[in-house]
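# Overview (structure and organization)
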Amino acid sequence: MKILVAISNVPDTTTKIAFANNDTEFNKAGVQFIINPYDEWYALVRALELKEANLATAVTLFHVGLADSEATIRKGLALGADDAVRINAEAPDAFFVAEQIAKYAKENGYDLILAGKETISFNGSSVGGMVAGILDYPFVSLATKMDVAGTTVTLEQDIDGGSQIVECNLPLVVSCAKGMAEQRIPNMRGIMAARTKPIKVVEAAAGDKLTSIKSYSLSAGRTACKFIDADKAEELIALLHNEAKVI
Amino acid sequence: MSVLIYTEISKGRVKKASLEAVNYGTKIAELLGTSATAIVYNADAAQLEEIGHAGAKKILSVKGNADSISQSVAIEQAAKAESAKVIIFSHDINGKAVAPRVAAKLKAGLVAGAVDYPTINGNGLDVKKNVFSGKATAVYTIHSDVKVISLLPNSFPVTTSANTATVSDFAPDLSGITAKITVKEVKSNAGGGNIPLPEAELVVSAGRGMKGPENWGMVEELAKILGATTACSRPVADMHWRPHHEHVGQTGIAIRPNLYIAIGISGAIQHLAGVNGSKTIVVINTDKEAPFFKSADYGIIGDAFTVLPKLIEAVKKFKANAN
Ligand SMILES: Cc1cc2nc3c(=O)[nH]c(=O)nc-3n(C[C@H](O)[C@H](O)[C@H](O)COP(=O)(O)OP(=O)(O)OC[C@H]3O[C@@H](n4cnc5c(N)ncnc54)[C@H](O)[C@@H]3O)c2cc1C
Ligand SMILES: Nc1ncnc2c1ncn2[C@@H]1O[C@H](COP(=O)(O)O)[C@@H](O)[C@H]1O
């Protein structure tokens, strides 16, 4: 079994967000980029664990993005992925990314495709389900556990009001959430090895442009906090009732 | 032409998020000069009526196994049968499994997590959604002929009317399905209030400031008398003080209730990412420098162990007077 792990390159959570070109573009200047946490901590680490347990033969990173995301890809290689593929294009939306993943996975015989639960940049939770739709594979969303035996995969996933255990046959697409694995820190050996691991750069297959971003704006902050004396709980309740009108 | 809305029944009721979606879809139908059709699995007469009151003119009633793949196929076929130009989902757990699959099958542009009503832009629709975990919003233009929009739960009010829908049975052709997911076991989350966190209008949440799981009695009591659902910060779930489904924030669930009460939570940016869409935020913290106060509407600087009992008393009094 070969595993393809889709990784995206996102601004570090603590980044101050700014826009350029009349608020039509995200301003990358001075921004620290990281592997999307769900892709790294959960999808990639679980893939590596499966390979270490001899349940997978290869773990390949897959990324749609320009050359400036190479540092992010190297980090994934340092964690232990065997190799990486970068589709050389700025991804306009989730469907474009999904089309690239679907095509590559199909042509190169990847039978388990792992994505993160969502990117912390565009918060779509969309790419995994779209890949499955394009390839007509099952899609297990928000998986918190995954085990493989032969071609059968057993997963636990979040559902409304609880969770469920499901079984699927390969090929399969999974979106990975908290619980699936624990974060790892790359070690020196991994970092050295990553320098010589191959990153294959492929031009994008012609894609469909279904959506585009017209403009951005920063979310409005809150007006100043009203402080209430710690002894006057009833005052808070009155404010919540009369002023905020939420109780 | 029509607007198709995916609705769900949960715990014997039409999900609130689904009623929001029906309302929203009805508004878009008006905007486009057409009518709204809802599709629902295994609904009874009262539930069908409720969907009608939320604005749908027609309901496609489906019977049978509602796994995510069958649902996708049903919606795809319904969209074709109804010539749907816009398909509406809720951006909740189930919507995240189904909407992208349907969008990909129909080659329809998807905006996931809309926070405002769309506007017409030529042949396209402009739809606003949150990006960068709530730090910003972006307006997306959907260019494709068929458009899919999923709504961030609790972002739209639900209004009802005397409207009734015509109901027709809809039997999707499932014979072409090859992808299969077999459910082995379903586990339900114990406790945490009856209303699931993403739908809750009132949420009482606590963090590491509570010192240990044995102190959660006060938090639960406050939630209970308010009719609120309980939540927690990430370290609290990681240390198994609370179940992981209560974990809110960037790596947990994102919520936007009317009221979010944060007790002993510092207000780290990753926590705020999941809760800063709340309408009103109350913060209770011993540290007046806690970053959460900068994102709060109301604050109490004080020790949770003395403030909570007083707050519980005050809510009890308030509830007694209100009755
Ligand atoms: C990539 C990433 C993702 C993350 N995702 C999440 C996420 O989804 N959700 C999340 O919550 N965190 C997340 N975190 C962790 C986050 O950065 C914080 O570490 C975490 O939110 C802190 O939890 P806390 O506020 O409960 O604890 P602390 O930061 O320890 O704060 C405890 C607070 O309680 C106050 N306090 C202490 N005693 C009392 C008392 N007696 N009464 C009242 N107040 C008291 C203290 O003043 C302090 O402000 C993430 C971190 C990273 C790096
Ligand atoms: N540009 C990209 N390249 C590769 N994978 C991506 C990219 N964008 C998103 N993904 C994958 O799709 C998942 C969900 O992304 P999204 O639908 O944008 O929330 C991410 O967690 C990644 O696994």
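See the structure printed just above.
The text that follows walks through the structure, step by step, so that each part is easy to find. Residue indices follow the written sequence of each chain, beginning from 1 at its first position. Here the convention is simple: chains get letters from A, ligands get numbers from 1, in the order in which they are written. A pLDDT threshold of at least 70 governs which residues receive local features in this predicted model, and a stricter bar of 80 or more applies before side-chain atom pairs are shown or counted, although totals over entire chains, interfaces and linings include all residues. Remark: hydrogens and water are excluded; side-chain values derive from all non-hydrogen atoms of the structure.

### Notes on the overall build of chain B
Defined as follows: Here a helix means four or more residues in a row that DSSP labels H or I, a strand means two or more in a row labelled E, and each is numbered from the N terminus. Put simply, the radius of gyration uses C-alpha atoms, and a globule should come to 2.2 Å times the residue count raised to 0.38. When checking whether two residues touch, look at their non-hydrogen atoms; a contact exists if any pair is within 4.5 Å. Surface exposure here means Shrake-Rupley accessible area, sampled with a 1.4 Å probe, where a residue is shielded only by the protein chains that are shown. In this tally Asp and Glu are treated as negative and Lys and Arg as positive; neither His nor the chain ends contributes. By convention, the point assigned to a charge is CZ for Arg, NZ for Lys, CD for Glu and CG for Asp.
Scanning chain B from N- to C-terminus turns up 8 helices and 18 strands. For 323 residues, the compact-globule formula gives about 20 Å, and the C-alpha radius of gyration of chain B, at 21 Å, lands near that figure. The principal-axis extents of the C-alpha atoms in chain B amount to approximately 60 × 45 × 40 Å. Restricting the contact set of chain B to residue pairs at least 6 apart, pairs at least 24 apart contribute 64%. Summed over its atoms, the accessible surface of chain B is roughly 12600 Å², and 53% of this surface lies on carbon and sulfur atoms. When the 34 positive and 28 negative side-chain charges of chain B are each reduced to one mean point, those points stand 3 Å apart.

### Notes on unusual backbone geometry
Leave glycine aside and you will find that most residues have negative phi; peptide bonds, for their part, are mostly trans. We apply this condition: Here the term buried applies to any residue with accessible area under 20% of the maximum for its type, exposed to any over 50%, and partly exposed to those in between, with areas from a 1.4 Å probe on protein chains only.
In this model, leucine 170 of chain A is joined to proline 171 of chain A through a cis peptide bond whose omega is -5°. In this fold, proline 171 of chain A is placed in the loop between strand S11 (162-169) and strand S12 (172-176). We note that asparagine 123 of chain A has phi near 50°; this positive angle belongs to a residue other than glycine. Considering the arrangement of structural elements, one finds asparagine 123 of chain A in the loop between strand S8 (112-116) and helix H4 (127-135). You can call asparagine 123 of chain A buried: its relative accessible area is 12%. In the Ramachandran plot, serine 83 of chain B falls in the positive-phi region, its phi being about 45° despite a non-glycine side chain. Within the fold, serine 83 of chain B resides in the loop between helix H3 (68-81) and strand S6 (84-90).

### Points about the interface of chain B and chain A
Quick reminder of the rule: Summed over both partners, the accessible surface that disappears when two parts come together, traced with a 1.4 Å probe, is what is meant by buried area. Salt bridge, as applied in this entry: a Lys or Arg side-chain nitrogen positioned within 4 Å of an Asp or Glu carboxyl oxygen.
With 83 residues of chain B at the interface, the matching set in chain A holds 81 residues. For the chain B and chain A pair, buried surface summed over both sides reaches about 7000 Å², with 57% attributable to carbon and sulfur atoms. It is Ile93, Phe132 and Tyr298 of chain B in chain B that bury the most area against chain A; as a group they hold 11% of the surface buried on that side. For the interface between chain B and chain A, the tally reads 11 salt bridges. A salt bridge links lysine 15 of chain B to aspartate 160 of chain A; the nearest nitrogen and oxygen atoms lie 2.5 Å apart.

### Some details on the site of ligand 2
Residue and element names in this part refer to chain A. Stated precisely, the cut-off is as follows: Proximity is defined per residue: if any heavy atom of the residue lies within 4 Å of a molecule or strand, that residue is considered near it. Throughout this description, a polar contact denotes any pair of N or O atoms lying within 3.5 Å of each other; where both atoms belong to protein, one of them has to be capable of donating a hydrogen while the other can accept it, and for residues adjacent in sequence the pair is counted only when both atoms sit in side chains.
The environment of ligand 2 is formed by 17 residues, the closest being Ala6, Asp39, Thr119, Ser125 and Ser126. The separation between an oxygen atom of ligand 2 and a polar main-chain atom of glycine 124 is 3.0 Å. Computed on the free molecule, ligand 2 has an accessible area of 490 Å², of which 93% lies beneath the protein chains in the complex. Contributions of two or more residues to the shell around ligand 2 are made by strand S6 (58-64) and S8.

### Comments concerning a nonpolar patch on the surface
All names here are of chain A. Put simply, the rule reads: Surface patches are drawn from residues lacking salt bridges whose relative accessible area is over 30%; two like charges belong together within 9 Å, two nonpolar side chains (Val, Leu, Ile, Met, Phe, Trp, Tyr) within 5 Å.
A surface patch of nonpolar side chains, amounting to about 290 Å² of accessible area, comprises Met188, Ile191 and Met192. Its place among the elements puts isoleucine 191 in helix H5 (residues 188-196). Taking the relative accessible area as the measure of exposure, isoleucine 191 reaches 34% and is therefore partly exposed.

### Focus on helix H4 (residues 93-106) of chain B
Residues and elements named next belong to chain B. Under the convention used in this document: Expected helix span is computed as 1.5 Å times (number of residues minus one).
A rise of 1.5 Å per residue sets the reference length of H4, with its 14 residues, at 20 Å; its end C-alpha atoms lie 21 Å apart and thus fit the reference within 8%. Judged by how many residues are buried, H4 sits mostly within the fold: 12 of 14 residues are covered. Among the residues trailing H4, lysine 107 stands out with phi positive, at a value near 50°.

### Observations concerning the sheet that holds S8 of chain A
Definition in use: Strand pairing is defined by DSSP finding a minimum of two bridges between the two strands. To obtain each axis, a line is fitted to C-alpha atoms, and for helices this fit is confined to the stretch in contact; angles are then taken between N-to-C directions over 0 to 180 degrees.
The mixed open sheet is built from 10 strands, whose spatial order is S13(A)-S7(A)-S6(A)-S1(A)-S8(A)-S12(A)-S9(A)-S10(A)-S11(A)-S13(B). Single-partner strands in this sheet number two, and they are strand S13 (199-203) of chain A together with strand S13 (182-188) of chain B. Averaged over all pairs of adjacent strands, the angle between their axes in this sheet comes to 30°, without regard to strand direction. Alignment of strand S1 (residues 2-6) of chain A against S6 of chain A, held across 5 bridges, turns out to be parallel. Along S6 of chain A, the bridge assignment pairs lysine 2 of chain A with alanine 58 of chain A.

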